[in-house]
Amino acid sequence: MLRRTEGIVLKTTPFGEADLIVTYLTPDFGILKTFAKSPRKIKSRFGSSLEPLTQSRISFWDKETSNLPRLTQSDIICSFQSIRNTFNCYLKVLEIIELTLHFVPERDANCRVYYLLLNSLQAIENNSSSFSQEGKGRLSFEDLIVTHYKVKFLKLNGYSPKLDACGRCGKRGNCFYVSHGSILCEDCAKSVDSPIKISPALAKIHADLLSWDISKINRIRPPDKLLSELSVIINMHVKYILAKPLKAETFSHAINTHYFKKLLSI
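## Observations regarding the pattern of salt bridges
Here is step 1: Inspection of every chain in the model, using the stated rule, returns 12 salt bridges.
Here is step 2: Here Arg107 makes a salt bridge to Asp62, at a shortest N to O gap of 3.2 Å. Residue Arg107 is found in the loop between α2 (87–103) and α3 (111–126), and its partner Asp62 is found in the loop between β4 (55–61) and β5 (70–78); the two are separated by 45 residues along the sequence.
Here is step 3: The closest approach of N and O atoms between Lys150 and Glu95, which form a salt bridge, is 2.6 Å. Placement of the pair is Lys150 in helix α4 (residues 141–156) and Glu95 in helix α2, with a sequence separation of 55 residues.
Here is step 4: The class for Lys150 is buried, based on a relative accessible area of 3%.
Here is step 5: A cluster of three or more residues bridged by salt bridges with shared partners is formed by Lys92, Glu95, Asp143 and Lys150.

## Quick notes on α3
Here is step 1: Here α3 spans 22 Å end to end across 16 residues, near enough to the 22 Å set by a 1.5 Å rise per residue.
Here is step 2: For α3, the complete set of buried residues consists of Val113, Tyr114, Leu116, Leu117, Leu118, Ser120, Leu121, Ala123 and Ile124.

## Comments concerning the packing of aromatic side chains
The geometry of two aromatic rings is summed up by the distance between their centres and the angle between their planes.
Here is step 1: One pass over the full model with this rule turns up six aromatic pairs.
Here is step 2: Each ring, one from Phe103 and one from Tyr159, has its centre 4.9 Å from the other, and the planes form 65°; the classification is edge-to-face. Within this pair, whereas Phe103 is found in helix α2, its partner Tyr159 is found in the loop between α4 and β6 (162–166), the two being separated by 56 residues in sequence.
Here is step 3: What links up through ring pairs into an aromatic cluster is the set Phe103, Tyr149, Phe153 and Tyr159.

## Observations concerning helix α7 (residues 224–242)
Here is step 1: Over its 19 residues, α7 runs 27 Å from end to end, which matches the ideal 27 Å to within 8%, given 1.5 Å per residue.
Here is step 2: By the burial criterion, the buried members of α7 are Leu226, Leu227, Leu230, Ser231, Ile233, Ile234, Asn235, His237, Val238 and Leu242.

## Quick notes on the nonpolar core
Here is step 1: Counting residues in each nonpolar core, the largest one holds 49 residues, and the members touching the most others are Val93 and Leu117.
Here is step 2: Elements that contribute at least two residues to this core include exactly β1 (2–15), α2, α3, α4, α5 (200–211), α6 (214–217) and α7.
Here is step 3: The next biggest cluster of nonpolar side chains, apart from the first, holds 12 residues, and it includes Leu20, Val22, Leu32 and Phe60.

## Overview of the packing of α2 against α3
Here is step 1: Where α2 contacts α3, the axes come no closer than 12 Å and their chain directions differ by 175°. With respect to α3, the axis of α2 lies roughly antiparallel. Contacts between α2 and α3 involve Cys89, Val93, Ile96 and Ile97 on the former and, on the latter, Leu117, Leu121 and Ile124.
Here is step 2: Residues that form the contact of α2 with α3 fall into these classes: seven nonpolar, no polar and no charged.

## Things to note about the packing of α4 against α5
Here is step 1: Two elements in contact, α4 and α5, have axes separated by 9 Å at closest approach and are oriented at 75°. With respect to each other, α4 and α5 are oriented roughly perpendicular. Judged by residue contacts, Thr147, His148, Val151, Lys152 and Lys155 of α4 engage His206, Leu209, Leu210 and Ser211 from α5.

The rules we used
- Residues numbered from 1 in each chain as written.
- Predicted model: local features only at pLDDT ≥ 70, side-chain atom pairs only at ≥ 80, totals over all residues.
- Heavy atoms only, no water.
- Salt bridge = Lys/Arg side-chain N within 4 Å of Asp/Glu carboxyl O.
- Helix = DSSP H or I, 4+ residues; strand = E, 2+ residues; numbered from the N terminus.
- Buried < 20%, exposed > 50% of the residue type's maximum accessible area, 1.4 Å probe, protein only.
- Expected span 1.5 Å × (residues − 1).
- Phe/Tyr/Trp six-rings, centres within 6.5 Å; stacked < 30°, edge-to-face > 60°.
- Core = buried A, V, L, I, M, F, W, Y, C linked by side-chain atoms within 4.5 Å.
- Axes fitted to C-alpha atoms, helices over the stretch in contact; angles between N-to-C directions.
- Parallel < 35°, antiparallel > 145°, perpendicular 65-115°, else oblique.
- Contact = heavy atoms within 4.5 Å.
- Nonpolar A, V, L, I, M, F, W, Y, C, P; charged D, E, K, R; others polar.

In structure tokens, the structure reads:
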């Protein structure tokens, strides 16, 4: 059966000498893996439509007897080229791509996640002029968008950390326990591992990001320290769920650490 939808390329995997397995996030099928015949040849009909992050209208032949449908057409809607051309920005975006690949099931439609990713990419693309304006050591606009995506994405998929009250009894508290994914009050936290202190301001920005859409994100700029603290907690929460850190986050941290060491040596 010939099916049509739109999708954002999350990754491509070489298959044989000239073929690719292309993984999309789609509104109608969730994560969708397709087989693309000969796109690595010079005269491929797919052109550049299979580049990572590219949003396209796609057609694929879906047989009941095959787990890997064949991609037959791919027409570019938006390439998001400026994101791929900006190394640090692309590294940040890779974090949310990797997060999406880990949590979204194959063939499970999820329009809200699809449009969350699409709107996030569009926001970063539309503010690409800010990439070169951020000072070294300061958080950039894409840091805010990436943190916003992670917060909203985890909520949509049922993995959001609880930062507003104790996860057991509902009492107020300010100690977050990674192993429980929640704040615990003093009574409920007995014989539990060491906590992370949560300030009221951090809990509020987390609640705000849960409720705000991208249009509001364009109008705010939380303090760098607060956003950085929230990002660390979210990353620790994700690491505990997956039992490993995101590769893109680890690589990005290594790159930034190397940069600052070079600055200190000058």
